[in-house]
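# An overview of the molecular structure
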Amino acid sequence: MSTARTDPEHEAHHARIGPRALLARDGFRRLLFTRFSAQWGDGLFQAGLAGAVLFNPEREADPLAIAAGFTALLLPYSLIGPFAGALLDRWDRRRVLVVANILRGALIFTAALSVAAGAGGTTLFTLALVTIGVSRFINSGLSAALPHVVPIRNLVEANALATTLGAVIAVLGAGCAVGLRAIFGDHNIGSGITTAVACLGSAGSAWFAIRFAKGALGPDEVDEPPQTMVAVARGLFDGGRAAVKTPTVFAGFVALLAHRTAFGIALLLTVLLARFRFEAGLGGLSQVIALVGVGILLAGLVTARIVAAIGRRRALAAGLLLGGVSIVGFGLPLTMPTTLIAALLISFAGQLVKLCVDAAVQRDIGDELRGRVFALYDTLVNVAQVVSVALAALVVAPDGASPGLVLAAGACYLVGLAGFALASRA
């Protein structure tokens, strides 16, 4: 377990060196491009697939079908994450990034062919499950590798830059999917072509990753049983034990789970409102996505300053409070303009929380366990979002106009704030 100093105020005041100095580091820059390529492809693939299923005139979509679609996008890593985490702490992460990107490219192409052929149901969802599962594996590998390309004292700033810009690039990928659908059409063939373009992101990510030297991204040591299957099976337990024994990480998990639960409810409501109540279609949803990207970018620009001013713990609590106020205050009117404002503020709040939690894992968890903790992290937040979407789909109004669910999402933030405070004290 890492014994690095964990005083967030001390860390914030003495760690900032600026984006230019970070980008001057060759390893960080190359890892950033690896992330950008992967997340651009992720954004395009997920938006292309969502458009094919949810906004395709040749297919029908109700709340349960939409919930099933989000499950296909979110559940995969929830199932394989703990085991994949053990592999990230056992195998050369550079090789993992290369091989996983090649595999993902092949899966994306197969999924695109299925979309073009009009496949649906089990076939399409299974392909989506596996493809997104590999994508999450890649993202966990990138996060676990970050401390190998920047000094520990600069992790908060480096993580803010990498994670935030990566999320913005994913939003740009989703925007590219909207533009490509306008060119190729919103029918099955056009949707298939749009989805296939995401293969370029996987190819680019593999190309940047292969330029690292063998072993450059860790792990530096292997703290696992020599038998691979035993190590894989212990991934969940080892990651959970490390997280629980590290107070900053455990409290952060509580906060992030609350945000992702609330976000899942908001996500389902937004899709239904855009399609049925506002009749804005994919264009309206694109506006929401754009403002989500703006919120993420703003959080990346100011999170380090906020942490420097008030400390990581208070910054995280402020993010939860902002999320709860925003979703209730701007979600309840159930209008397009207020929904857009809510998307901006909630994405800002959520990214602020995420950056604080990411930094806690990267700083306070030893390298020999970091991959397993990040894998558990992804697993828990995705399960929370899948469950919240599924439960909300059972009670939501067909057009998304459900004030009770908006209040429930706000309550999630308040419960998360209370849980975070208790876990932090413990």
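Scope of this entry: the structure provided in the associated data block. (Residues numbered from 1 in each chain as written. Predicted model: local features only at pLDDT ≥ 70, side-chain atom pairs only at ≥ 80, totals over all residues. Heavy atoms only, no water.)

## A word on helix 15 (residues 336-364)
Here helix 15 contains 29 residues, and its C-alpha end-to-end distance of 42 Å stays within 8% of the 42 Å for a straight helix at 1.5 Å per residue. Judged by how many residues are buried, helix 15 sits mostly within the fold: 24 of 29 residues are covered. (Helix = DSSP H or I, 4+ residues; strand = E, 2+ residues; numbered from the N terminus. Expected span 1.5 Å × (residues − 1). Buried < 20%, exposed > 50% of the residue type's maximum accessible area, 1.4 Å probe, protein only.)

## Notes on the packing of aromatic side chains
Under the criterion given, the structure shown has five aromatic pairs. The interplanar angle of 45 degrees and the centroid separation of 5.4 Å between the aromatic rings of F33 and F208 together place this pair among those described as tilted. One end of the pair, F33, is in helix 3 (residues 26-54); the other, F208, is in helix 9 (residues 199-209), and 175 residues separate them in sequence. Residues W207 and F208 carry aromatic rings whose centres are separated by 5.1 Å and whose planes lie at 75 degrees to one another, so their mutual orientation is edge-to-face. Classification of F208 as buried rests on a relative accessible area of 18%. An aromatic cluster is built from F33, F36, W207 and F208, whose rings are joined through pairwise contacts. (Phe/Tyr/Trp six-rings, centres within 6.5 Å; stacked < 30°, edge-to-face > 60°.)

## Topic: the pattern of salt bridges
As enumerated under the stated definition, the model contains six salt bridges in all. The salt bridge involving R277 is made with D399; its shortest N-O contact spans 3.6 Å. Note that R277 is positioned in helix 12 (residues 247-277) and D399 in the loop between helix 16 (367-395) and helix 17 (403-425), a separation of 122 residues in sequence. Looking at D399, the relative accessible area reads 25%, which means it is partly exposed. Across the salt bridge formed by K354 and D358, the nearest N and O atoms sit 2.7 Å from each other. Placement of the pair is K354 and D358 together in helix 15, with a separation of four residues, close to one helical turn. Connected via shared salt-bridge partners are D26, R29 and R30. (Salt bridge = Lys/Arg side-chain N within 4 Å of Asp/Glu carboxyl O.)

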